[in-house]
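Results of the structural survey
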Amino acid sequence: MSEQITEKDHTINENYRQKPKVAVYVCHCGGNISDIIDVKKVAEELSKYPNVAISREYAFMCSSTGQDYIVEDIRNNGINRVVIAACSPALHELTFRGALSRAGLNPYLYEHVNIREQASWVHKNDKEGATLKAISLTKAGVEKILRQDPLNSIRVEAVRGVAIIGGGIAGMRSALSCADNGLDVSIMEKSGSLGGNLNRKGKVYPSGKEAFEIANELSKKVLSNPKIKVYLNSEISFIGGYVGNFQLNVKKSDGKFEKVKAGAIIMATGFSHYKPQKGEYGFGLADRVVTLPEFENLLENSGEKALEISGKKVSSVAFMHCVGSRQIDGIDAPGKNGKVNEYCSRICCGSIISSANRLKEKFPEISVFDIYTDMRTYGMEHEKYYKKASENDIIFFRRPLEERPKVEIGVEKVNIKTKDVLTMNEEMEIEADLLVLGTGMEPNDISDLVEYLKLPRSSDGFLQEVHPKLRPVEVANNGIFLAGTAQGPMDIKETLQAANTASVKAAALLSSPDIPLDPFVAVVDEDKCTGCGLCPKECSYEGALIMIEKDVKGKKKKVASVNPALCKGCGACAAVCEPRAINVAGWTLDQFDAMVEAIAKE
Amino acid sequence: MSENKEFVCDSLIIGSGIAGMQAALDIGDAGYNVIMVEKSPSIGGKMISLSKVFPTLDCASCITTPKMAASSHHPRVKAFTYSEVEKIEKTNEGFEAEIIKKPRFVIESECISCKKCEESCPVHLEDEFEFGLGVKKAISIPFTNAIPQLPVLDESKCIRCAACARVCPKDCIDYLQKPEKIKIKAKTIILATGYEITPMTAKKEYGGGRLINVISSLQAERLLAPHGPYGKVLRPSDGKIPDSIAYVQCAGSRDESIGIPYCSRVCCMYAVKQAMLLSGSLPLSEITIYYMDIRAFGKGYEQFYNQARAMGINFVKAKVAKITEDQEHNVILRIDKQEEGSVPMEVKHDMVVLSQGLLPSNKNFFGLNIEKNEYDFVASSKPDFSPALTSTEGVFTAGTACGPKDIPDTIMEAGSAAMEAVNYLKSVKI
């Protein structure tokens with residue numbers, strides 16, 4: 001299926017110079033649009049609009065058949081500009097650009113009009129109105145594309161190296177995969193060793209392996225790989241640059257600074273265990289209330305004869321699920337960020353059950369209680385642990401979702417009162433020598449990195465991917481990838497998979513010597529520019545827009561100058577330019593004028 | 001059987017569902033040649049038949065069709081659809097696979113997808129794409145956005161009336177077409193063979209597939225799909241709009257009595273999602289989910305579950321013991337409500353959806369020596385180092401072939417398997 005460039009392609013490529021022949025395609029989106037909007041009417045109205053040569057409607061424009069229509073019309077019917085009225089451009093703009101390219105037309109001679117989010121979905125109770133709006137928006141799209149010049153992606157040279165922030169298992173897995181792919185890798189780790197949260201004694205779930213052994217297997221390979229450079233005890237004081245050319249200022253363990261260059265960045269900054277607030281389920285009020293990681297440590301270091309806390313033998317232990325997870329606004333106290341953690345931390349149910357089992361297997365005479373609300377031992381191996389817990393005589397209490405157990409610290413015991421669904425919502429009282437809080441995951445504090453790179457975060461505070469299915473390890477900023485629990489709670493296996501996915505994307509990005517970027521950046525008309533200097537003041541991107549002195553038609557002149565790799569095409573500069581000397585390519589003020597006029601005419 | 005044709009590629013991917021396609025795209029993007037082999041007539045797998053997907057509620061087609069189109073247009077990705085893998089052998093140079101391309105009884109290179117054959121065919125059959133809820137013709141293109149857009153003739157149901165052959169403008173109906181044997185040489189294999197849902201008949205107490213208004217979760221997906229069989233939600237027995245719909249959770253998971261003790265990871269969330277979609281399309285209907293634990297563990301899933309509760313969907317902690325029906329085919333559930341002391345009671349619903357679990361689709365791996373886990377899913381040989389590796393060097397796995405999981409997790413695994421395959425290809429240099 002290789003596509004060879006033919007004579008015909010060159011003609012098609014030059015076709016835009018001919019009289020405009022616009023093709024309009026109205027997509028049904030399988031009912032998402034056509035259930036509300038009269039797509040036939042939209043197509044019909046547009047067929048009468050000036051410069052429109054073809055107007056069609058189809059069930060799924062994004063499908064292969066839909067795309068074939070476009071290719072066919074360009075190749076055989078002389079179409080030189082395309083408007084597609086469909087879903088959000090975020091979903092399929094790239095899909096259709098691909099179709100134009102395949103047909104030999106400049107991929108930017110197409111306008112994507114959103115009649116789903118902006119018409120059918122929001123006006124589902126007004127079918128006629130939605131149809132009229134779709135017609136107006138599509139006409140505006142036609143006006144815009146008539147004023148569109150063919151654009152070419154900006155190509156930036158790329159450094160064939162990856163900077164990985166975080167030396168836990170996600171960072172190490174990414175490092176090994178990137179290095180095997182032939183990339184130079186730097187790992188920046190803030191602590192004194194690799195391994196992150198697995199750099200500890202104690203067994204992990206569900207494999208039952210020693211945590212540090214998992215970390216060691218990876219770190220041995222990382223440390224012996226000549227393509228990987230590890231910066232331990234390092235701090236990142238600044239990150240600048242752009243995709244292909246990031247620059248990280250790294251403060252090394254010896255206090256000296258080093259500049260690290262990278263074509264891509266992998267964020268493997270990991271998680272911290274939730275730290276309960278003082279008094280939350282008795283935490284911080286007595287040493288008899290501990291977190292799950294603290295308990296793991298205690299169990300690991302206990303002798304074979306007895307489990308002891310502060311020198312006292314423990315004969316009963318209670319585990320509490322969902323501490324710092326699945327919190328409810330108004331019931332739970334907000335954290336430092338002023339918000340509660342609404343999310344489920346995914347791994348705690350399994351970890352708690354696994355710890356409780358190991359406790360019971362080491363000290364069968366200890367009574368073990370487990371207070372949960374939904375037992376989320378998802379996955380194949382996990383359910384076995386839950387069953388084992390019942391066989392181990394662990395006693396379960398199921399609290400209603402909105403109820404919170406009350407914890408009182410007694411002289412020698414911890415007293416827990418909870419409603420129990422399993423016994424008809426009866427109030428139960430549990431006395432235990434030790435209460436273990438099943439603490440969840442929180443993203444590590446990386447606010448400085450978030451600030452340097454302007455990274456998006458989701459409402460739960462973890463880094464936010466573009467789309468969980470379409471672009472699951474990418475953020476909106478080009479060249480930055482997510483690996484592991486920086487993105488959200490995951491177990492070890494899931495983390496390793498995510499890290500490899502981040503690597504495959506970074507490797508693909510850096511597989512050619514230069515990276516194509518969208519051409520929607522500010523462009524200066526140097527003849528019109530008066531050199532007033534207003535626009536750089538509006539620019540939010542360091543280095544994207546500066547004033548320079550240069551020769552314009554034989555005269556020395558002060559003009560605005562854009563670095564296209566840094567410009568994000570926001571248009572703040574265009575808004576303040578009185579002579580209209582600066583414009584965002586593909587979104588010029590003339591285009592906006594024409595679109596507004598087309599809509600206002602109705 | 002016609003003669004052997006031979007193809008060579010870097011990576012042979014078995015299965016072209018979301019896992020297979022994503023792996024193909026990632027390997028193709030890295031510069032290697034990929035062949036996908038798909039047993040169904042179209043690429044796209046199960047995902048293309050779903051309605052909307054959690055937690056973003058994007059329509060499944062909106063996510064799947066671009067991946068289908070991208071893999072079919074990718075210069076380094078080729079797909080054999082309607083083809084079965086007979087066997088795969090490990091050789092000194094990698095792997096050699098034998099594929100049987102089943103006859104569509106249509107000359108593929110000539111067909112222009114005009115659908116005239118389909119329109120003219122007088123034979124109506126149950127449509128497997130609609131999981132039996134709709135009808136199709138004995139010769140038909142499998143579904144609207146199928147790739148390739150080629151009809152398949154069901155030889156066993158065709159009455160040889162030649163109506164299709166008469167209307168075909170390209171004269172490409174070929175009743176004598178034979179299966180074709182194809183040999184593929186590859187350096188790596190990716191097992192992305194996916195899942196099947198547990199059969200309706202798995203649990204006799206739940207009607208064993210006999211009760212007409214007890215439907216499967218995939219049927220419910222089709223009822224809710226924007227381009228589904230009826231365009232709205234109707235119950236099968238009498239076409240009535242159901243006023244009360246119930247979901248029975250863990251109907252095929254976490255149940256040792258049917259040999260599936262594991263949790264299938266996706267059923268809670270797809271039930272919550274379907275319930276939300278139902279309450280959108282049938283605002284007056286009462287929707288109840290009978291569950292043991294709601295396992296909303298993924299990113300944004302708890303918030304999604306909270307949203308469903310706020311929408312008024314009833315979540316009832318109860319184990320369903322038995323399902324029967326009355327004379328009007330209303331469904332009667334015998335349940336033990338946990339909150340009310342497990343006293344057995346009976347409740348009636350117009351329609352019931354069984355939240356079935358996931359089983360491996362393929363268990364023999366075509367003669368490859370692949371270690372399985374105790375439930376016949378592909379086992380990872382190094383789960384704590386790189387989980388995409390299998391017990392045979394050069395063979396990688398992704399998605400539900402190696403255990404139940406949702407779409408985001410599947411896509412992550414596909415990328416991971418692709419990374420391992422690409423780096424393996426770099427290292428072997430054969």
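Residues numbered from 1 in each chain as written. Chains lettered and ligands numbered in written order. Predicted model: local features only at pLDDT ≥ 70, side-chain atom pairs only at ≥ 80, totals over all residues. Heavy atoms only, no water.

A look at the domain arrangement of chain B
Residues and elements named next belong to chain B. This is how the line gets drawn: Domain delimitation follows an automatic or database domain assignment. When checking whether two residues touch, look at their non-hydrogen atoms; a contact exists if any pair is within 4.5 Å. Buried area: the accessible surface (1.4 Å probe) lost by two parts on joining, summed over both. Throughout this description, the term salt bridge denotes a Lys or Arg side-chain nitrogen within 4 Å of a carboxyl oxygen of Asp or Glu. Here a polar contact is recorded for every N or O atom pair within 3.5 Å, except that within protein the pair must consist of a potential hydrogen donor and a potential acceptor, and residues adjacent in sequence are included only if both atoms are side-chain atoms.
By the assigned domains, chain B splits into domain 1 (2–101 + 179–194 + 361–428), domain 2 (103–178) and domain 3 (198–358). Here the C-alpha centroids of domain 1 and domain 3 sit 32 Å apart. Listed per partner, the contact involves 19 residues of domain 1 and 21 residues of domain 3. With both chains or domains summed, domain 1 and domain 3 bury close to 1800 Å², and 71% of this area falls on carbon and sulfur atoms. When the buried surface of domain 1 facing domain 3 is broken down by residue, Ser 51, Phe 54 and Pro 404 rank first, second and third, together holding 33% of it. Remark: the boundary between domain 1 and domain 3 carries one salt bridge. Ionic pairing is found between Asp 409 and Arg 265, a salt bridge with its closest N-O pair at 3.0 Å. Linking domain 1 with domain 3 are five residue pairs in polar contact (both at pLDDT 80 or more).

Brief notes about the confidence of the model for chain B
Predicted coordinates in regions of low pLDDT should not be interpreted in detail. Applied cut-off: For every residue, the predictor assigns a confidence score, pLDDT, that lies between 0 and 100.
In this model, chain B carries an average pLDDT of 94, and 99% of its residues clear a pLDDT of 70 or more. Scored as a whole, the predicted complex attains pTM 0.92, and scored at its interfaces, ipTM 0.96.

Digging into helix H16 (residues 589–601) of chain A
Residues lying three or four places apart along an α-helix face the same way, a consequence of the helix completing one turn every 3.6 residues. All names here are of chain A. To keep things clear, this is the line we draw: A helix here means a DSSP run of H or I that spans at least four residues, while a strand means a run of E at least two residues long, and both kinds are numbered starting from the N terminus. To estimate how far a helix should extend, the number of its residues minus one is multiplied by 1.5 Å. Working definition: with a 1.4 Å probe on protein chains only, accessible area under 20% of the residue-type maximum means buried, over 50% means exposed, and in between means partly exposed. Read the arc as the range of directions from the helix axis to the C-beta atoms.
Over its 13 residues, H16 extends 18 Å from the first C-alpha to the last, a length consistent with the 18 Å expected when each residue adds 1.5 Å. For H16, the set of buried residues is Gln 591, Ala 594, Met 595 and Ala 598. On an axial view of H16, the arc spanned by its buried residues comes to 100 degrees, and they lie on one face. Along H16, the residues that are exposed and aim more than 90 degrees away from the buried face are Val 596, Glu 597 and Ala 600.

Things to note about the pairing of strand E5 (residues 154–157) of chain A
All names here are of chain A. For the record, the criterion: We call two strands paired when DSSP finds no fewer than two bridges between them.
Burial of the side chains of E5 is restricted to one face: Ile 154 and Val 156 are buried, whereas none of Arg 155 and Glu 157 on the reverse face is. Relative to strand E26 (residues 514–517), E5 runs antiparallel, the two being bridged by four bridges. Residue pairing in the sheet places Val 156 in a bridge with Ile 515 of E26.

Looking at the interface of chain B and chain A
Contacts between the two partners involve 81 residues from chain B, matched on the other side by 85 residues from chain A. Buried surface at the junction of chain B and chain A, both sides included, amounts to about 6600 Å², of which 54% is carbon and sulfur. Per-residue buried area on chain B facing chain A is highest for Lys 299, Asp 384 and Phe 385 of chain B; these three make up 12% of the total on that side. At the boundary of chain B and chain A, one finds 15 salt bridges. Notably, a salt bridge pairs Lys 382 of chain B with Glu 217 of chain A, separated by 2.6 Å at the nearest N-O pair. Those elements giving two or more residues to the side of chain B that touches chain A turn out to be helix H1 (18–29), strand E3 (52–53), strand E4 (58–59), helix H2 (60–73), helix H7 (301–310) and helix H8 (407–428) of chain B. When residues in the side of chain B that touches chain A are grouped by element, the largest group, 14 residues, is from H8 of chain B.

Focus on the sheet that holds strand E1 (residues 22–27) of chain A
Residues and elements named next belong to chain A. Selection rule: To define axes, lines are fitted to C-alpha atoms, for helices over the stretch in contact only, and angles between the resulting N-to-C directions are given on a 0 to 180 degree scale.
Read across the open sheet, the four strands follow the order E2-E1-E3-E4; overall the sheet is parallel. This sheet does not close on itself; its edge strands, each paired only once, are strand E2 (52–58) and strand E4 (110–114). Neighbour-to-neighbour, the strand axes of the sheet open up by a mean angle of 15 degrees, direction not taken into account. Direction of pairing for E1 relative to E2: parallel, over a ladder of six bridges. Each residue of the ladder has a partner; that of Val 22, found in E2, is Val 52. Sheet strands in contact with helix H4 (residues 89–103) are strand E3 (81–86) and E4, and its direction is about 155 degrees off that of E4.

Focus on the domain arrangement of chain A
Taken domain by domain, chain A holds domain 1 (7–153), domain 2 (161–270 + 444–515), domain 3 (276–441) and domain 4 (522–584). The C-alpha centroid of domain 4 of chain A is placed 36 Å from the C-alpha centroid of domain 2 of chain A.

Observations regarding the environment of Tyr 231 of chain A
All names here are of chain A. For Tyr 231, the location among the structural elements is in strand E8 (residues 228–231). Considering only alpha carbons, one finds Tyr 231 and Val 260, 29 residues apart in sequence, at a separation of 11 Å. With near-sequence residues (within four places) excluded, Tyr 231 lies in contact with Ser 186, Ile 187, Met 188, Glu 189, Val 250, Lys 252, Glu 258 and Val 260. Among the polar contacts made by the side chain of Tyr 231, one reaches the side chain of Glu 258 at a distance of 2.6 Å.

Re the packing of H1 of chain B against H2 of chain B
Two numbers describe a pair of packed helices, the interaxial angle and the distance between the axes. Residue and element names in this part refer to chain B. As a reminder, the rule being used: Here the angle decides the label: under 35 degrees means roughly parallel, over 145 means roughly antiparallel, 65 to 115 means roughly perpendicular, and every other value means oblique. Each helix crossing is assigned a hand: it is left-handed if the near helix lies turned anticlockwise from the far helix by less than a right angle, otherwise right-handed if that turn is clockwise.
Put simply, H1 and H2 touch, their axes get as near as 10 Å, and they point 45 degrees apart. Looking at the two axes, H1 sits oblique to H2. Crossing geometry of H1 relative to H2 is assigned as left-handed. Seen from H1, the contacting residues are Ile 18, Met 21, Gln 22 and Leu 25; seen from H2, they are Thr 64, Lys 67, Met 68, Ala 70 and Ser 71.

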